[in-house]
Number of protein chains: 2
Amino acid sequence: MAINAENVKSQMRKGYLEYCILLIISQKPMYVSDIITELKEAHLIVVEGTLYPLLSRLKSSGILAYQWQESLQGPPRKYYELTDEGRQFLAELEEGWEEIKKVVELIKNKNI
Amino acid sequence: MAINAENVKSQMRKGYLEYCILLIISQKPMYVSDIITELKEAHLIVVEGTLYPLLSRLKSSGILAYQWQESLQGPPRKYYELTDEGRQFLAELEEGWEEIKKVVELIKNKNI
DNA sequence: ATAAATACCTTGTGATACAAGGTACTAAAA
DNA sequence: TTTTAGTACCTTGTATCACAAGGTATTTAT
């Protein structure tokens, strides 16, 4: 199991994936296809097999809620939105992200 | 397995741990205790059980090399340093990190 | 009926941080 | 000379999670 840059970069992506997804959903209620599209626009590629379990976990943790909504072309969709608890949670992740940026800057500056 | 902020923040930390460790080692050859101290100073808590396997993986992937060095107080130490390949690898992670920052900014700006 | 498109979800795999515990060497105290 | 304390290295077991691959269900058009 050798280490390569792609592997590690994908590890990095993992870490902040949840944060990005919650940021996106906080815009307005969205279903899976919408979310994937938004992520793609930001150059963050995520597949269904990653998203469905993640959304389920966030739902059962009280961070997201969903409503079924009919579609004009196909089966009904699950539209996810943040709960109040979810907004608070997102604020905490916001802090976490800012802290991480600081840590990296600290280490990099020491490096010069 | 409920989701909580601490859990997710720790996931975030995971992602860029390798990057920070390589940044630190790129300063000068270091052994495990040195590395943990440096990480602590940057407010990044990592334990031995995480570090040893990670350093082994990086070594067997050709990113790090080590030299035994005697200590004045205790058993000899393994001093790790970056190989040429390791410096190239670090440069790639640098790119990955910059890209991630951009992605988050993109999503956040859209959010306003 | 059947096919195509869309949407939902599950299973199996691999990677890896961490907790906990183990081994080995050195030096100073009993 | 044995024992103890300190330091350093390493391994095993567990939990988490992204992803690949494949499956089920609904709707609409042929």
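Here's what I pulled together on the structure shown here.

Moving on: the overall build of chain A. Looking only at helices and strands, one finds four helices and two strands in chain A. When the helices and strands of chain A are placed in sequence order, the string is α-α-α-β-β-α. In summary, chain A has a C-alpha radius of gyration of 17 Å against a globular reference of 13 Å for 112 residues, an excess of more than 25%. In terms of overall dimensions, chain A has C-alpha extents of about 55 × 35 × 25 Å along its principal axes. In chain A, buried positions account for 46% of the 112 residues. Expressed as a percentage of contacts within chain A between residues at least 6 apart in sequence, the contacts between residues at least 24 apart total 48%.

Bringing the relation of the copies chain B and chain A into the picture now. Each of the two copies of the chain can be brought onto the other by a rotation about an axis and a shift along it. Expressed as a screw transformation, the operator carrying chain B onto chain A has a rotation angle of 180° and an axial translation of 0.0 Å, and the superposed copies differ by an RMSD of 0.1 Å. In short, the pair behaves as if placed about a two-fold rotation axis. By C-alpha distance to the rotation axis, the residue of chain B lying nearest is B:Gly15, at 2.5 Å. Mapped onto chain A, 100% of the interface residues of chain B again fall at the interface, so both copies present the same surface.

Working note: a packed helix pair is described by the angle between its axes plus the distance between those axes. It is at 13 Å that the axes of helix H4 (residues 84-110) of chain A and helix H4 (residues 84-110) of chain B come closest, and there the two elements cross at 150°. In terms of their interaxial angle, H4(A) and H4(B) are classed as roughly antiparallel. The element H4(A) and its partner H4(B) pack so that their crossing is left-handed. When H4(A) is examined against H4(B), the residues A:Glu94, A:Trp97, A:Glu98, A:Ile100, A:Lys101, A:Val104, A:Glu105 and A:Lys108 are found in contact with a partner set consisting of B:Glu94, B:Trp97, B:Glu98, B:Ile100, B:Lys101, B:Val104, B:Glu105 and B:Lys108. Of the residues assigned to the contact of H4(A) with H4(B), the class counts are six nonpolar, no polar and 10 charged.

Any two aromatic rings considered together are summarised by their centre-to-centre distance and by the angle between their planes. Taken as a whole and assessed by the stated rule, the structure comprises 11 aromatic pairs over all chains. With a centroid separation of 6.0 Å and 25° between ring planes, the pair formed by B:Tyr16 and B:Trp97 is classed as stacked. Of this pair, B:Tyr16 sits in helix H1 (residues 5-25) while B:Trp97 sits in helix H4, placing them 81 residues apart in sequence. Each member of the pair, B:Tyr16 as well as B:Trp97, is classed as buried. Residues B:Tyr31 and B:Tyr79 carry aromatic rings whose centres are separated by 5.4 Å and whose planes lie at 45° to one another, so their mutual orientation is tilted. With B:Tyr31 in the loop between H1 and helix H2 (32-41) and B:Tyr79 in strand S2 (residues 77-82), the pair connects residues that are 48 residues apart, well separated along the chain. The pair formed by B:Tyr31 and B:Tyr79 is uniform in burial state, with each residue classed as buried. Within the aromatic cluster, the residues linked to one another by ring pairs are A:Tyr16, A:Tyr19, A:Trp97, B:Tyr16, B:Tyr19 and B:Trp97. Taking the ring centre of A:Tyr66 as reference, the NZ or CZ of A:Lys78 above it sits at 4.2 Å.

Before going further, it helps to examine the protein's contact with DNA strand D. The environment of DNA strand D is made up of 23 residues, and the closest members are B:Gln11, B:Tyr31, B:Tyr52, B:Arg77 and B:Lys78. A share of 75% of the atoms of DNA strand D within 4 Å of the protein falls on sugar and phosphate groups. Within the contact set of DNA strand D, a phosphate oxygen lies 2.6 Å away from a side-chain nitrogen or oxygen of B:Arg77. Contributing elements (two or more residues each) for the surface near DNA strand D: helix H3 (48-60) of chain A together with H1, H2, helix H3 (48-60) and S2 of chain B. Among the elements that take part in the surface near DNA strand D, H3(B) stands out by supplying four residues, more than any other. Looking at side-chain class alone, the surface near DNA strand D contains 10 nonpolar, eight polar and five charged residues.

Right, let's talk about the protein's contact with DNA strand C for a bit. Not every one of the 20 residues close to DNA strand C is listed here, only the nearest: A:Gln11, A:Tyr31, A:Tyr52, A:Arg77 and A:Lys78. Protein-adjacent atoms of DNA strand C, using a 4 Å cutoff, are sugar or phosphate at a proportion of 77%. Measuring from a phosphate oxygen of DNA strand C, one finds a side-chain N or O atom of A:Lys78 at 2.2 Å. Counting only elements with at least two residues in the surface near DNA strand C, the list comes to helix H1 (5-25), helix H2 (32-41), H3 and strand S2 (77-82) of chain A together with H3 of chain B. Tallied by class, the residues present in the surface near DNA strand C amount to seven nonpolar, eight polar and five charged.

The rules behind each value
Residues numbered from 1 in each chain as written. Chains lettered and ligands numbered in written order. Predicted model: local features only at pLDDT ≥ 70, side-chain atom pairs only at ≥ 80, totals over all residues. Heavy atoms only, no water. Helix = DSSP H or I, 4+ residues; strand = E, 2+ residues; numbered from the N terminus. Rg over C-alpha atoms; globule rule 2.2 N^0.38 Å. Buried < 20%, exposed > 50% of the residue type's maximum accessible area, 1.4 Å probe, protein only. Contact = heavy atoms within 4.5 Å. Least-squares fit on C-alpha atoms with pLDDT ≥ 70 in both. Axes fitted to C-alpha atoms, helices over the stretch in contact; angles between N-to-C directions. Parallel < 35°, antiparallel > 145°, perpendicular 65-115°, else oblique. Left-handed = near helix turned anticlockwise from the far one by under 90°. Nonpolar A, V, L, I, M, F, W, Y, C, P; charged D, E, K, R; others polar. Phe/Tyr/Trp six-rings, centres within 6.5 Å; stacked < 30°, edge-to-face > 60°. Lys NZ or Arg CZ within 6 Å of the ring centre and 35° of its normal. Near = heavy atom within 4 Å. Polar contact = N/O pair within 3.5 Å; in protein donor to acceptor, adjacent residues only side chain to side chain.

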